[in-house]
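The chain contents come next:
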Amino acid sequence: MARLHVVIPALVHTFIRSKTEYPGAMVLGWLSQFAAYGSMYTAISLILARFGSLGGWVWPEIALLLSFHLLAYSLGASLSFVQFREMEEKVRIGTMDAILVKPVSTWTYIVFSGLNIGYAGHIVLALGLMAWSLTQVDVTWTGQSSLLFVCYLISAAMIIAAVMTMIGATALVWVKSNHLYQIFFGFWELARYPLNIFPLPLQLLMLTFAPLAFMAYVPVAATLGKPVPLLGDYASAAALLAGPLVTLIAMAHWRWCLRNYQGAGG
Amino acid sequence: MAIISAQGVEKTFRQPKRQSGLAGAIRSLFSRDYTEVRAVNGISFTIQPGEAVGYLGPNGAGKSTMIKMMTGILVPTAGTLSVLGREPHSNRITNAAEIGVVFGQRSQLWWDLPVRDSFDLNRHIYDIPTPRFAENLTRLTTMLDMGGYIDRPVRQLSLGQRMRAEIAMALLHDPKILFLDEPTIGLDVVAKDVVRKFLAEVNRERGTTIILTTHDLVDIEEICPRLIMVDDGKLLFDGELKHLRSALGSRRRLKLEFGTDPGPITLKTAHLVTDEGAAKHFLLDSEQTSILDVLTELGSGHDLKDVKLEEPDIEEVIRTFYKNKVQAGVAP
Ligand SMILES: Nc1ncnc2c1ncn2[C@@H]1O[C@H](COP(=O)(O)OP(=O)(O)OP(=O)(O)O)[C@@H](O)[C@H]1O
Ligand SMILES: [Mg+2]
């Protein structure tokens, strides 16, 4: 699609216009997210202050892990979560049919006609915590390692958007798919902690079928030079490749679901 | 070159068999047991550029399914389908730029925004040059009398106003084909009339090919010279509305009233169904037979008082037809 540079801003503009009717609700949403994550992180820091470390990670390192987790999640989810959670509804009431007859890529249309600006609170908190933790951890930053860190972040955000897309796409064939998000968020919560504290089967699962270890733990461990179970020296390369790989799988799944879309009758 | 061509198109929906209870629900997740619904069953037709075709059939006949296949939303299970020379599903996005689609039962407008904003977004999505967009917008707004509400949020509009906006939106990019799935559903008489006149004019003046599904024969009378009738996924009739009656096997009745009972009468042009002595009822076997033919055959010498020809109402014909659900194809 050659005209995406025109269509995407137009979609985002239209979507934001349709939301700004309720500015109060939006600001309140940001504040409550900020408070929810802030208090949870405070609790984790207090626990760590008592026990010293978690799986060999001290508080500033855990803070980097938490902020990376939240930032990658917010970036990926703003492109996907609400849009694809509504997929069930889109299929059921037929909005999906209307989107399918537009001359732009269906994925692009869905993503940018619902770009979630509600994640601003998450992003501010994550950036603040990350800025602080980066000054505390023992890493020597070079141009190359900074670039690598940004690439890890992009790869991690891709995993989130790809997995959300796959779950949403499933609604095209099964009509119902929202229960899968609950499974996703189960693993997502575990992905906030160092992987090595979990039993081996769970470690394996989170490095393969539920690849959320790559959304924070693997790249942050690689940055900090910490040993990564099962991956060892390949941690850095795996963190970089995981996003593109999961994205490719998601694209194939998305196409398959579109081919097998049945609509919802009527 | 046909603009749309369907050859033996089929669509079968598969749904996993529902089993009761929790154990059943879990079992059905893994089972390969499906209920199959054949929504479209071997439909063939071709449509030339500039035609206006009405697609008629009872609930569940497979009309929406056919529209969804022609617009590339659904993939046919079998048969070949070509729209604008391309296979619709694999060329969905390319074709989308050259077709317009209106779903009577669902809106494509942005609910919280003025109508104008949805139009403007379409200008970008369809890459419509600004002068052409301005010209089309003015023309469509005038023709559909939308000036009074184009700047109002869609959620405040009446169904009739919204439907006019939906149709206008589908035409802003000058599509070659306009598909409409029940565009007049739920509209009042006046609104229906506006929509029908408008569509007929778009077809006539701009040469836009129109395919619309409907339950309302008046839509077809006023917009579509050609009718395709389907039932149970099969094609029943393809031709002009006025030929439908004979195709469905419904014949005109002729009543002859005599001053005195002329005794038994047998005719080649019509056959007797009820004989009440002085009043005799005949059925005309062919659409081509005129009253004059019958009277000529009858000849003079009878004390004929009155002649009455009863054309069965087409709605009535279709209603009885749906009731009887004759399965055999009766396409002429
Ligand atoms: N997604 C689906 N899954 C299963 N069956 C479906 C699906 N969509 C349609 N059907 C079935 O296919 C048949 C044809 O449906 P379709 O919606 O095409 O009918 P229709 O002619 O548009 O009817 P109506 O006049 O009620 O709109 C129906 O029996 C319907 O139940
Ligand atoms: Mg329908």
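Note that the structure is predicted; figures quoted are calculated from it, not measured.

Trainee: Provide a residue-level description of the overall build of chain A, including the pertinent values.
Mentor: Per the secondary structure count, chain A includes 13 helices and 2 strands. Over its C-alpha atoms, taken along the principal directions, chain A stretches across nearly 60 × 40 × 35 Å. A burial count over chain A gives 51% of its 266 residues as buried. Excluding contacts between residues fewer than 6 apart, the proportion of contacts in chain A whose partners are at least 24 apart in sequence is 76%. For chain A, the accessible area works out to roughly 12,000 Å², and carbon and sulfur atoms hold 70% of it. For chain A, the centre of its 13 positive side-chain charges and the centre of its 9 negative side-chain charges are spaced 8 Å apart.

Trainee: Describe the interface of chain A and chain B, with residues and values.
Mentor: Interface size is commonly expressed as the accessible area that is lost once the parts come together. Listed by partner, the interface residues are 33 residues for chain A and 29 residues for chain B. Both sides together, the interface formed by chain A and chain B hides about 2,900 Å², and carbon and sulfur atoms give 58% of it. In this assembly, chain A and chain B are joined by 4 salt bridges. Between Arg106(B) and Asp97(A) there is a salt bridge, with its nearest N and O atoms 2.8 Å apart. At the boundary of chain A with chain B, the tally comes to 7 residue pairs in polar contact (both at pLDDT 80 or more). Elements supplying a minimum of two residues to the side of chain A that touches chain B: helix H1 (4-19), helix H6 (95-100), helix H7 (106-112) and helix H13 (235-259) of chain A. Ranked by residue count, the leading element in the side of chain A that touches chain B is H1(A), at 8 residues. Broken down by class, the residue content of the side of chain A that touches chain B amounts to 17 nonpolar, 10 polar and 6 charged.

Trainee: Any chance you could break down the UniProt feature "transmembrane region" (unreviewed entry) in chain A for me, citing the residues and the numbers?
Mentor: Under the feature "transmembrane region" (unreviewed entry), the UniProt entry names residues 27-51, 57-82, 109-134, 146-175, 196-222 and 234-254 of chain A. End C-alpha atoms of residues 57-82 of chain A are separated by 33 Å, and the span's content is 85% helix alongside 8% strand.

Trainee: Tell me about the domain arrangement of chain B, residues and numbers included.
Mentor: The assigned domain composition of chain B is domain 1 (4-245) and domain 2 (251-311). Computed from C-alpha coordinates alone, the two centres of domain 1 of chain B and domain 2 of chain B are separated by 46 Å.

Trainee: Let's hear about the sheet that holds strand E11 (residues 270-275) of chain B: which residues, and what values?
Mentor: Residue and element names in this part refer to chain B. Spatially, 4 strands are ordered E11-E12-E10-E13 in an open sheet, and the strand pairing comes out antiparallel. Here the strands that pair on one side only, and so sit at the sheet edges, are E11 and strand E13 (304-310). With direction set aside, neighbouring strand axes in the sheet form an average angle of 25 degrees. Relative to strand E12 (residues 279-284), strand E10 (residues 253-258) runs antiparallel, the two being bridged by 5 bridges.

What counts as what
Residues numbered from 1 in each chain as written. Chains lettered and ligands numbered in written order. Predicted model: local features only at pLDDT ≥ 70, side-chain atom pairs only at ≥ 80, totals over all residues. Heavy atoms only, no water. Helix = DSSP H or I, 4+ residues; strand = E, 2+ residues; numbered from the N terminus. Buried < 20%, exposed > 50% of the residue type's maximum accessible area, 1.4 Å probe, protein only. Contact = heavy atoms within 4.5 Å. Areas by Shrake-Rupley, 256 points an atom, 1.4 Å probe, with all protein chains shown as cover. Lys, Arg positive; Asp, Glu negative; His and termini not counted. Charge placed at Lys NZ, Arg CZ, Asp CG, Glu CD. Buried area = accessible area lost by both parts, 1.4 Å probe. Salt bridge = Lys/Arg side-chain N within 4 Å of Asp/Glu carboxyl O. Polar contact = N/O pair within 3.5 Å; in protein donor to acceptor, adjacent residues only side chain to side chain. Nonpolar A, V, L, I, M, F, W, Y, C, P; charged D, E, K, R; others polar. UniProt positions renumbered as here; feature names shortened; annotations may be inferred. Domains from an automatic or database assignment. Pairing = 2+ DSSP bridges. Axes fitted to C-alpha atoms, helices over the stretch in contact; angles between N-to-C directions.

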